[in-house]
Amino acid sequence: MSSSPGLVPDLARFFAPQAVALVGATDDTTRFGGRLLRQMLKFGFSGRILPVNPKRNELQGMPCYATVADLPEAPDHAGIVVPADKVLPVLRECHARGIPFATVFTAGFSETGTPEGRAMQAAITGFARESGLRVMGPNCYGLINYLDHFALTASSVLEPGTSRDGSIGVVSQSGGLGGINVMWRAMEAGLRINYATSSGNEADLDAIDFARYMIEAESTEVLLMALEAVRDGGKFARMAERAAELEKPIVVLKLGRTELGSRAAASHTGAMTGADDIFEAAARQFGVKRVNDSRELYETAIMLRGKRWPRGRRAASLSLSGGNVVQVADVGSQLGLEWPDYTAATQEQLSGLLPGYGKVSNPTDTTSLASGKPELFRRTLDIISRDENVDVMVPVFTVPRRAELEQGVQIARESAKPVALLLTGKCLDDPTLTVERIVADGVPAYRDTVTCLAAVRAAVDYREFLDHFHRQDSYPRPAGTDPQAARARIAEAGHATLTERDSKAVLRCYGLPVTAERLARNADEAVAHARAIGTPVALKIESPNIAHKTEAGAVRLNLSNEMEIRSAYEEIVTAARRYNAGATINGVLVQQMAPRGIEMMLGVATDPIFGPVVAVALGGIYVEVLRDIAYRIAPIDTAQAAIMLRELRAYKLLEGVRGRPRGDIDTLTDCIVRLSWLAHDLRDVINDIDVNPLLVFERGAVAVDALIVRR
């Protein structure tokens, strides 16, 4: 039976085995195999452990076997610590013995960058696919199942007696980063983990496989991922969509943002990291929260667990410290949170508690009246939390007494709205009542303003994503698309790079608006076509060998009379031959001169990880100069297209500035959606599409130039 990388594997016996073999086991804890055995015993695994070592008959009071073939039963899982050249033979023995899962800790494979290392890893991959034996690693740090107290890892931070009610999953390709920076630090912060894995080089099973298992686990509330590479964009998207169906947030630290980081990641795991801006767009599109460091991973999880996400961006805060009120207001506004006025009903209730304040502002400074009066602070907080203008509360405590802080915790538990406590100092009369202890009791709590409000914003974003996700079961195909006609037109073109005319003909098959144009093979035809189309016109060279017509000097604009058109025709042909003497010249394109509009660029690129990607930016030369581009994985719907546009710094141009007319945003979003479907439907024949410029008018739009490159 062979394994298929397209199927979702059942990893129940991988994570919760009844019996485990440890090939390379020893009682020498200075060696990796010895530490693995020690930690498994220390963590309290209740199943059967089957050590394999030809030099020993007994280990830790357990029978030890010379080979895998000698095992008295077929265990569910085998851990392997042998030299790199012995790994594949041991895997063959595991398969022959009927073992379904193996974890290979040994290094020395593709991460070395050597042909020998890559070849040995490729052999593991091939054997796993052929045999059906599922393999974690090589070059990994193992797994921990806190619910069943099964640990197949040498991690030094593993502690016995850990709680079995964890709800945070951790998936990392790196053992050190995932085990220490994420898992251990998250537990120190008060979170409880249910599963943790380090997938290493991923010759077979990868991080997405382990993430999918954790997402399906009933105990999981939030999934944390530290990734150096995503090898299969479609698999990543399906995982994220399944998590959204179950309303389980995913927070990702994706390494390799910079060129140097990308090279370091590639040398660590032996895999390319992919284009960072494409991953960023994919994460946003599929509701995955991307963060910048490992601390932000678990700090975000504190706010996301429990499915208590704000219904909107309207926040309220109060503090006994005026400076903290100002800081909260500034940071929240910078992060896109709103501080609404309290309703008249709330103002009336507060006026009785805070006499002399007049209108109470939000965030609320209660310094002068509530200081030393915890009951007054609690009542104020309770009233504000019930305000219909407020979606989320962020009360700020500096150096509270225990009674005061516990009142805030109680309101956070009982409030119908999410509450994040911000404790900037410490509890005066109970130093054990810390942020970490409050988090461990299930209440979001933070020490720093930026961290707190960034987590609140992440929760707001996730709720907004879910609202859109649940409204849209699937991406609707726009009317008037004809994939068959588009394929036929590309096949007829015959060249790797389609001409502008052929490219626009393909766009027309998907309902995108293009300029009226005709091909002239001599000056007389150019004049006749101009009369038929209507002047003024533009003339452009048509050649499959000249993609950049302006660089060739083979474009003339705003031609109105016969003399101008004839002269331009000859000039264009001469310029084209000078630019590329061997170019095939089909003729000169006579094109309708479009009126002035907002120049936009629509594009499609084929990403090696995620496939066809649609892009939008300000058009003309600005796309290369400003690098103000929004991406999405094709296909998308109108809501996603609208979000793309709002991500652009140039979006204000579409809204109309300094007396200029507003652009037709509805038509532009429709064009983006149609182009995304063209890229999706013809992903096997199209590599790139460049529509630049697409002129957007007050009403309507038109593609003035286009280029399609075949795969």
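Before reading on, note that the structure itself is shown above.
Residues numbered from 1 in each chain as written. Predicted model: local features only at pLDDT ≥ 70, side-chain atom pairs only at ≥ 80, totals over all residues. Heavy atoms only, no water.

## Topic: the overall build of the chain
Here is the rule: Counting from the N terminus, the helices are DSSP H or I runs at least four residues long and the strands are E runs at least two residues long. Residue exposure (1.4 Å probe, protein chains only): buried if accessible area is under 20% of the type maximum, exposed if over 50%, otherwise partly exposed. Per-residue and other accessible areas were derived by the Shrake-Rupley procedure at a 1.4 Å probe size, with only the shown protein chains allowed to occlude residues. Counting rule applied: Lys, Arg positive; Asp, Glu negative; His and chain ends not counted. Throughout, a charge is located at the NZ atom of Lys, the CZ atom of Arg, the CG atom of Asp or the CD atom of Glu.
Looking only at helices and strands, one finds 25 helices and 31 strands in the chain. Each principal axis of the C-alpha distribution contributes one length, and for the chain these read about 100 × 85 × 40 Å. Out of the 711 residues belonging to the chain, those deemed buried represent 55%. With an accessible surface of roughly 29600 Å², the chain has 49% of that area assigned to carbon and sulfur atoms. Taking the average place of the 80 positive charges on the side chains of the chain and the average place of its 86 negative ones, the gap between the two points comes to 0 Å.

## Some remarks on the layout of surface pockets
The test is simple: A cavity here means a set of points on a 1 Å grid, drawn over the protein atoms and nothing else, where a 1.4 Å probe fits but cannot get out; a pocket is an open set with protein on both sides within 12 Å along at least five of seven lines, and a residue lines either one if it has an atom within 4 Å of a point. Grid points are joined across faces, edges and corners, and a volume is the space filled by probe spheres set on the points. Any residue outside Ala, Val, Leu, Ile, Met, Phe, Trp, Tyr, Cys, Pro, Asp, Glu, Lys and Arg is labelled polar, Gly included; the first ten of those are nonpolar and the last four are charged.
Its volume calculated, the second largest pocket comes out at about 920 Å³. Contributing to the lining of the second largest pocket are 31 residues, with Arg284, Arg313, Arg457, Asp461 and Glu464 lying nearest its centre. Those elements giving two or more residues to the lining of the second largest pocket turn out to be α9 (276–285), β14 (289–291), α10 (294–304), α17 (449–471) and α23 (638–647). Across the lining of the second largest pocket, the residue classes break down as 12 nonpolar, five polar and 14 charged.

## Quick notes on the packing of helix α20 (residues 523–533) against helix α21 (residues 562–579)
Filter applied, for reference: With axes taken as lines fitted to C-alpha atoms, and helix axes fitted only over the stretch in contact, angles between N-to-C directions fall between 0 and 180 degrees. Orientation categories follow fixed angle ranges, with anything under 35 degrees roughly parallel, anything over 145 roughly antiparallel, 65 to 115 roughly perpendicular, and all other angles oblique. Handedness of a crossing is defined here by the sense of rotation of the near helix relative to the far one, left-handed for an anticlockwise turn of less than a right angle and right-handed for a clockwise turn. Pairs of residues are marked as contacts when any of their non-hydrogen atoms sit within 4.5 Å.
The N-to-C vectors of α20 and α21 enclose an angle of 135°; their axes lie 9 Å apart at closest approach. In terms of orientation, α20 and α21 fall into the oblique class. α21 is crossed by α20, and the crossing has right-handed handedness. Between α20 and α21, the contacting residues are Ala523, Asp524, Ala526, Val527, Ala530 and Arg531 on the first element and Glu562, Ile565, Arg566, Tyr569 and Glu570 on the second. Residue composition of the contact of α20 with α21, grouped by class: six nonpolar, no polar and five charged.

## Observations regarding the pattern of salt bridges
Which entries qualify depends on this criterion: Any Lys or Arg side-chain nitrogen located within 4 Å of an Asp or Glu carboxyl oxygen qualifies as a salt bridge.
Enumeration over the complete set of coordinates arrives at 42 salt bridges. For the salt bridge of Glu216 with Arg242, the shortest nitrogen-to-oxygen distance reads 2.6 Å. In this pair, Glu216 is assigned in helix α6 (residues 207–216) and Arg242 in helix α7 (residues 233–245), connecting sequence segments 26 residues apart. By relative accessible area, Arg242 is classed as partly exposed at 24%. Between Glu562 and Arg566 there is a salt bridge whose closest N-O contact spans 2.9 Å. Within this pair, Glu562 and its partner Arg566 are both found in helix α21, separated by four residues, close to a single helical turn. Residues joined in a network through salt bridges with shared partners are Asp276, Glu280, Arg284, Arg290, Arg632 and Glu647.

## Some thoughts on the sheet that holds strand β6 (residues 101–104)
Within a sheet, adjacent strands bond to each other through the backbone by hydrogen bonds, running parallel or antiparallel. Rules: Strands pair, by our definition, only if DSSP identifies at least two bridges between them.
Reading across from one edge, β2-β1-β5-β6-β7 is the order of the five strands in this open sheet, with parallel pairing throughout. Two strands in the sheet have a free side with no partner beyond their single neighbour: β2 (48–52) and β7 (134–136). Across the sheet, the mean angle separating the axes of adjacent strands is 20° when strand polarity is ignored. Across three bridges, β6 lies against β7 in parallel orientation. Looking across to β7, one finds that Ala102 is bridged to Val135. This element, helix α2 (residues 32–43), spans β1 (19–23) and β2 of the sheet and lies at about 160° to β1.

## Section: the pairing of strand β12 (residues 222–227)
Of all six residues that make up β12, six are buried, and the element is covered over most of its length. Here β12 shows no split at all, with Val222, Leu224 and Ala226 on one side and Leu223, Met225 and Leu227 on the other all buried. Bridge count for strand β10 (residues 168–172) against β12 is five bridges, and the pairing is parallel. Among the inter-strand pairings, Ser172 is bridged to a residue of β12, identified as Ala226. Pairing of β12 with strand β13 (residues 250–254), which is carried by five bridges, proceeds in the parallel orientation. Within the sheet, the bridge partner assigned to Leu227 lies in β13 and is Lys254.

## Remarks on the pairing of β1
Counting buried positions along β1 yields five of five residues, so the element is predominantly enclosed. Burial of the side chains of β1 extends over both faces: Ala19, Ala21 and Val23 are buried on one face and Val20 and Leu22 on the other. Direction of pairing for β1 relative to β2: parallel, over a ladder of five bridges. Considered in β2, the bridge of Ala19 is made with Arg48.

## Describing the environment of Leu147
If you trace the backbone, Leu147 turns up in the loop between β8 (142–145) and β9 (150–152). Here the alpha-carbon distance between Leu147 and Gly352, two residues 205 residues apart in the chain, equals 51 Å. The residues touching Leu147, leaving out its near neighbours within four places in the chain, are Arg164, Gly166, Asn194, Tyr195 and Ser219.

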